[in-house]
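Remarks on the overall topology
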Amino acid sequence: MLILAFGIGANTAVFSVVNAVLLQPLPYADANRIVALTNPARNDSPKDLGVKQVSIPNFEDWESQSSSFEAMAYYSPGEGPVMSGSVAEYARGADVSAQFFRVFAVEPQLGRLFSPAEIKAGDSALLISYEYWQSHFGGSTQALGRTLRVYGKPVPVVGVLPPGFDFPDKTDIWLPHEETKFMKSRDAQNDLVVGRLKSGVNLRQAQAEMTVIARRLEEQYPKSNKGRTVFLIGIRDEMVADSRLTLYLLLGAVLMVLLIACANIATLLLGKSVTRAREIAIRAALGAGRGRIVRQLITESLLLSLAAGACGLLLAWWGSKALVA
């Protein structure tokens, strides 16, 4: 039972993670149209994206010169002190540009998105995640207009985003990206970039266009852009990074473990059946037919399978949490 439980538990746990990370669709509208844009050196391998951060002047040129994107935005994730009452705590936050929520085609569950004036002012309003709204405000509509202190600065809540949206990296709060003097420098590669492709434009077409733009900027700004190109990658590939191959290898390994466990169980049952030959012969002599004996053996196997399956589910519950962690 323990042998079978381990095989079932390991497979269920690993498949649960593979399903959640690689197979289930992302919780964004037309997620296959969302891409990340990076700024690597030209000789970097696509698998080694080099510098992921982008300078704002380069971003502005990408946005103005490209025709493949419905929307493009930059953002900067981080963690900082936030006070929603009298207690200070660290929260995941992200400073985002004007088109960020348009890239993900997301609308607030409650309230509104940032206004143009708030975008221009920077850090003058904030949006909170659905989970943060539930845990800190109990899901009350009174959360709108409430003030959170972010790095000691009071900032009002203007909206609550829908359940499941926490990009990037389980973010709790979003603020308009504050403009600084470093944003004017092409050497200041401090922000990450995402874009939504237009309907009918595929990744290859967009990549070809962005490569041409990168060469143009390289000629125009050789000091900062020499040897640099633009690389596009689907948002799922960007999020799972190197985990894809690892997860598939792990799934293949545990499948082999399950096959070995089944072979072990079959061998044990076969060995046990040899020792039961006398018992079965007596049952047959007393009038038990072939069907009756087969039903008994199947019943015993089902009891073993159900008990092992129950134990396997417990192992899977624990194992999937460990794998996610």
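All of the points below concern the structure found in this document. What you see is a predicted model; the values in this text were computed from it and never measured. (Residues numbered from 1 in each chain as written. Predicted model: local features only at pLDDT ≥ 70, side-chain atom pairs only at ≥ 80, totals over all residues. Heavy atoms only, no water.)

Moving on, we come to the overall build of the chain. Scanning the chain for helices and strands turns up 11 helices and 10 strands. Its C-alpha atoms give the chain a radius of gyration of 28 Å, more than 25% over the compact-globule value 20 Å for 325 residues. Along the three orthogonal principal directions, the C-alpha set of the chain runs to about 95 × 50 × 30 Å. In the chain, buried positions account for 39% of the 325 residues. Within the chain, contacts between residues separated by at least 24 positions form 76% of all contacts whose residues are at least 6 apart in sequence. (Helix = DSSP H or I, 4+ residues; strand = E, 2+ residues; numbered from the N terminus. Rg over C-alpha atoms; globule rule 2.2 N^0.38 Å. Buried < 20%, exposed > 50% of the residue type's maximum accessible area, 1.4 Å probe, protein only. Contact = heavy atoms within 4.5 Å.)

Bringing empty space enclosed by the protein into the picture now. Using a probe with the size of a water molecule, rolled over the atoms, empty space left in the structure can be pinpointed. This model, assessed by the stated rule, comprises 2 cavities of 30 Å³ or more. Surrounding the largest cavity, Ala36, Leu37, Thr38, Lys52, Tyr75, Leu192, Val193 and Glu238 form its lining. The element contributing the most residues to the lining of the largest cavity is strand β1 (residues 34-38), with 3 residues. In terms of residue class, the lining of the largest cavity is built from 5 nonpolar, 1 polar and 2 charged. Computed from the structure, the second largest cavity encloses a volume of approximately 40 Å³. If you go around the second largest cavity, the residues you meet are Asn39, Trp62, Ala214, Leu217, Asn225, Arg228, Thr229 and Val230. Counted by class, the lining of the second largest cavity contains 4 nonpolar, 3 polar and 1 charged residues. (1 Å grid on protein atoms, 1.4 Å probe; cavity = no way out; pocket = protein on both sides within 12 Å on 5 of 7 lines; lining within 4 Å. Points joined across faces, edges and corners; volume = space filled by probe spheres on them. Nonpolar A, V, L, I, M, F, W, Y, C, P; charged D, E, K, R; others polar.)

We now examine the nonpolar core. Most often, soluble globular proteins keep nonpolar side chains buried together rather than apart. By size, the foremost hydrophobic cluster in this structure holds 25 residues, and its most contacted members are Phe100, Phe101, Phe104, Phe165, Phe167 and Trp174. Leu37, Ile213, Ala214 and Val230 belong to the second-largest nonpolar core, a separate cluster that totals 19 residues. (Core = buried A, V, L, I, M, F, W, Y, C linked by side-chain atoms within 4.5 Å.)

We now examine the environment of leucine 247. Within the fold, leucine 247 resides in helix α9 (residues 243-275). Classification of leucine 247 as buried rests on a relative accessible area of 12%. As for leucine 247 and tryptophan 317, which are separated by 70 residues in sequence, their C-alpha atoms are 17 Å apart. Setting aside its immediate chain neighbours within four residues, leucine 247 contacts Val14, Val17, Val18, Val21 and Leu22.

The next point concerns the packing of aromatic side chains. Counted by the stated rule, this structure contains 16 aromatic pairs. Here the aromatic rings of phenylalanine 100 and phenylalanine 101 are separated by 5.2 Å at their centres, their planes lie at 90 degrees, and the arrangement is edge-to-face. Between the aromatic rings of phenylalanine 101 and tryptophan 174, the centroid separation amounts to 6.4 Å while the plane-to-plane angle is 70 degrees, which identifies the pairing as edge-to-face. Here phenylalanine 101 is found in helix α3 (residues 100-103), whereas its partner tryptophan 174 is found in strand β8 (residues 173-176), with 73 residues between them in sequence. (Phe/Tyr/Trp six-rings, centres within 6.5 Å; stacked < 30°, edge-to-face > 60°.)

Tallying each qualifying case throughout the model produces 9 salt bridges. The partner of aspartate 30 in a salt bridge is arginine 33, and the shortest N-O contact between them spans 3.2 Å. According to the relative accessible area criterion, arginine 33 is buried, its value standing at 15%. As a salt-bridge pair, arginine 283 and glutamate 279 come within 3.0 Å of each other at their nearest N and O atoms. In this pair, arginine 283 and glutamate 279 both sit in helix α10 (residues 277-285), 4 residues apart, roughly one turn of the helix. Here arginine 283 falls in the partly exposed class, since its relative accessible area comes to 35%. According to the relative accessible area criterion, glutamate 279 is partly exposed, its value standing at 27%. Look at the salt bridges and you will find they share partners, linking Arg276, Glu279, Arg283 and Glu300 into a network. (Salt bridge = Lys/Arg side-chain N within 4 Å of Asp/Glu carboxyl O.)

Quick look at a nonpolar patch on the surface now. Residues Phe15, Leu23 and Tyr248 make up a contiguous nonpolar surface patch of roughly 290 Å² in combined accessible area. In this fold, tyrosine 248 is placed in helix α9. On the accessibility criterion, tyrosine 248 (40% relative accessible area) is partly exposed. (Patch = residues over 30% accessible without salt bridge, like charges linked within 9 Å, V, L, I, M, F, W, Y side chains within 5 Å. Areas by Shrake-Rupley, 256 points an atom, 1.4 Å probe, with all protein chains shown as cover.)

The next subject is the pairing of strand β2 (residues 69-83). Pairing between β2 and strand β9 (residues 192-197): 6 bridges, direction antiparallel. Bridging from a neighbouring strand, tyrosine 74 pairs with valine 193 of β9. Looking at chain direction, β2 and strand β3 (residues 88-96) are connected through 9 bridges and run antiparallel. Across the sheet, the residue bridging to proline 77 is alanine 94, located in β3. With antiparallel pairing between neighbouring strands as the criterion, β2 and β3 make up a hairpin whose turn holds 4 residues. With 2 bridges joining them, β2 and strand β6 (residues 147-150) adopt antiparallel strand pairing. (Pairing = 2+ DSSP bridges.)

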